[in-house]
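Coordinate analysis (summary)
The lines below spell out each chain.
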Amino acid sequence: MPTPRLSITLIQRPFPRIVLTSLWFGLLSLPLMMELKAPFFGLERPLLVSAGVAMAGLMRLAVSQRGGPGAERVQRMVGSIGGAVRHLTEQIDRRVIYVVAVASAVVIPLSLNRYHIDILTQVGIYVTLALGLNIVVGLAGLLDLGYVAFYAVGAYTYGLLSTRVGLSFWEVLPLGALLAAIFGILLGIPVLRLRGDYLAIVTLGFGEMIRITLNNWDSVTRGPNGILGIARPRLLGFTFSSPIDYYYLILVIVLLTIFVVDRLNQSRIGRAWTAMRDDEVAAEAMGINLMKAKLLAFGLGATWAGLAGVFFAAKMTFISPESFTFFESVIILCMVVLGGMGSVLGVILGASMLVILPEMMRQFALYRMLIFGGAMVVMMVLRPQGLIASSRRGIALGPKDRQGSASAAVTSPQKMG
Amino acid sequence: MLRLDDVHAHYGMIHALRGVSLEVKKGQIVCLIGANGAGKSSTLMAVSGLLRPNAGRIVFEGDDLAEVPSHAIVERGISQVPEGRRIFSKLTVLENLEMGAYTRTGEDSIRQDLDWVFGLFPILAERRFQMGGTLSGGEQQMLAIGRALMARPRLLLMDEPSLGLAPKFVETIFEVIRQINTRGTAILLVEQNAHMALSIASRGYVMEAGRIVLEDDATSLMVNKDVQKAYLGG
């Protein structure tokens, strides 16, 4: 029997699949459950997780392979439990979930130390960046490898306007976002006709151009020395200085980002982007102006990088080109892909994981990036659609016509094909 | 309503259309038959602006479409059921239909048309929250037709709507084409199934190697010896 590709054959067979899945879950729980001081480093706990997952997988396999009415009954039962859970979560008002999530984001950090709050602030910055890139990559399907350039534009806008002109954080915040959007559109114009690999290479080049310009334009940017002494934000006589101040500031930015990106996702233009990603020719035949849609994606995506950049400069009070390397673009892209392209919740989760996991794995020192890389590979093989795949439904005409006249057709028993 | 005058078009080096002239009158069903590679699909692509002619004129309701970008052609009242369906597999059935109405405003009239499409294809209503890519071939064809109708076109271009469908589906699709036409929508239909196409069309054109080689009323084409031999299997 010819074996086409090892990865594919492995995943399609039930046993290797169960083994890999259980190992992956064990690996995920490593940083959460391991302790260097415990006997055997506490390794038994992740192993227990693996064993549990493997057991569940084997049971499911046994049920599905035995066939017969018993197995069917079990499967139906499992299905109805899933349905019940979904029904329950649909019953709970989504607003309640939002309020609880926001409230815990506000309250929990009060009990954390400075280090943890700093990490959460990092998470906030990357969630903003990843949600912005998600517009370009996840929704519009334009592979952008130079996204960090817009982050740099935002950061340097504040760095320069603060130290040279003396503009305040609040004045520069919209300015930085606007400038990043303009740069986004400028990048968009020459790449309108490009797709896939070619687009990726050009955007990569664009990102490097910005970084190299910042690195070499000594008279304005002070080159590799960077810009020092950037002013901290002030609000009604209060100066942001401690980590928690910055945390709350980025939380507001993140909430704004989530709100806007979610609205965009469900809007007419969001649907147009998804259609364009699916099939450009068909999208054009529907009357979508591809040029406008693409430029809008580049511009609206870059806006959030600009906001994040301004915040980053204000928090660090020091910026240099070193913070805006190609590797940053790659990490942000990983957050989007790992989390689930196009899914807001997925991207938030992806960004949180990719900031928090490497921090938690610091105890493995040099090995942590290795473990991390391995985990990414396994993840992409097992779940290419990302942690939380994006789900869509018709929004504009959806909810209302459920009670409307078309509902009669829904219940009609007529079946074709 | 639509007139093509000596239209020439190329794909790179390939001269796909070598002087196509045809006319669709208001409310008519016109069919275009011919072998693979004769230029039938290219003719439709040229009308919807996805393939730009090098020479000749395409005139719709008195306006030359040469300078009109393809996304704006939809707004003028021409929509297309493309070859190979090309539905959006990552959008739900409902969203696919909404994309069809992308250029329209006025929620009420869009909702009316949605009900009409669901009436034509009840299966689409059943599957409205399913991803387009999960539909069967026949259902995808219905979705492609429904999506094109959501633009409320005055002229509908249909490229091989019966291709690869089970005979039962083919009959359904042709019945629907007739129903669409009774609403006053003109249809330019490209088909391999010449017999079915001619039976619902009022006028027919036969294409060969990028040219129109024969045109006549559909009923006359049906009994034409050459057409029978080449396309009707007898």
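Rules behind the numbers
- Residues numbered from 1 in each chain as written.
- Chains lettered and ligands numbered in written order.
- Predicted model: local features only at pLDDT ≥ 70, side-chain atom pairs only at ≥ 80, totals over all residues.
- Helix = DSSP H or I, 4+ residues; strand = E, 2+ residues; numbered from the N terminus.
- Contact = placed C-beta atoms within 7 Å.
- Rg over C-alpha atoms; globule rule 2.2 N^0.38 Å.
- Buried ≥ 20, exposed ≤ 12 C-beta atoms within 10 Å, placed from the backbone.
- Axes fitted to C-alpha atoms, helices over the stretch in contact; angles between N-to-C directions.
- Left-handed = near helix turned anticlockwise from the far one by under 90°.
- Nonpolar A, V, L, I, M, F, W, Y, C, P; charged D, E, K, R; others polar.
- Domains from an automatic or database assignment.

With that settled, the discussion passes to the overall build of chain A. Regarding its fold elements, chain A presents 18 helices and two strands. Put simply, 76% of the contacts in chain A that link residues at least 6 apart link residues at least 24 apart.

Across its full length, chain B carries 10 helices and 10 strands. For chain B, whose C-alpha radius of gyration is 17 Å, the value lies close to the compact-globule estimate of 17 Å for 234 residues. Expressed along its principal axes, the backbone C-alpha trace of chain B runs to roughly 45 × 40 × 35 Å. Here chain B holds 234 residues, and the buried ones make up 50% of them. By sequence separation, contacts in chain B at least 24 residues apart represent 68% of the contacts at least 6 residues apart.

Looking now at the packing of helix H7 (residues 148-165) of chain A against helix H8 (residues 169-191) of chain A. Residues and elements named next belong to chain A. Packing of H7 against H8 brings their axes to within 8 Å, and their N-to-C directions diverge by 140 degrees. In the crossing of H7 with H8, the sense of the turn from one axis to the other is right-handed. Within the contact between the two elements, H7 uses Ala149, Phe150, Val153, Gly154, Thr157, Tyr158, Leu161 and Ser162 and H8 uses Phe169, Val172, Leu175, Gly176, Ala177, Leu179, Ala180, Phe183 and Gly184. The residue inventory of the contact of H7 with H8, partitioned by class, reads 12 nonpolar, five polar and no charged.

A few words now on unusual backbone geometry. Both trends apply: most residues other than glycine have a negative phi, and most peptide bonds are in trans. In this model, glutamate 61 of chain B sits at a positive phi of 45 degrees, which is unusual for a non-glycine residue. Examined against the element boundaries, glutamate 61 of chain B turns out to sit in the loop between strand E4 (55-60) and strand E5 (63-64).

So, on to the domain arrangement of chain B. Residues and elements named next belong to chain B. Each assigned domain of chain B is listed with its residue range as follows: domain 1 (2-77 + 153-231) and domain 2 (90-152). Look at where the C-alpha atoms of domain 1 and domain 2 centre, and you get two points 23 Å apart. The partner domain 2 presents 10 residues to the 13 residues of domain 1 that form the contact. Among the elements of the structure, helix H2 (70-75) and helix H7 (167-182) are those that each provide at least two residues to the side of domain 1 that touches domain 2. Residue contributions to the side of domain 1 that touches domain 2 peak at five residues, all from H7. In terms of residue class, the side of domain 1 that touches domain 2 is built from 10 nonpolar, two polar and one charged.

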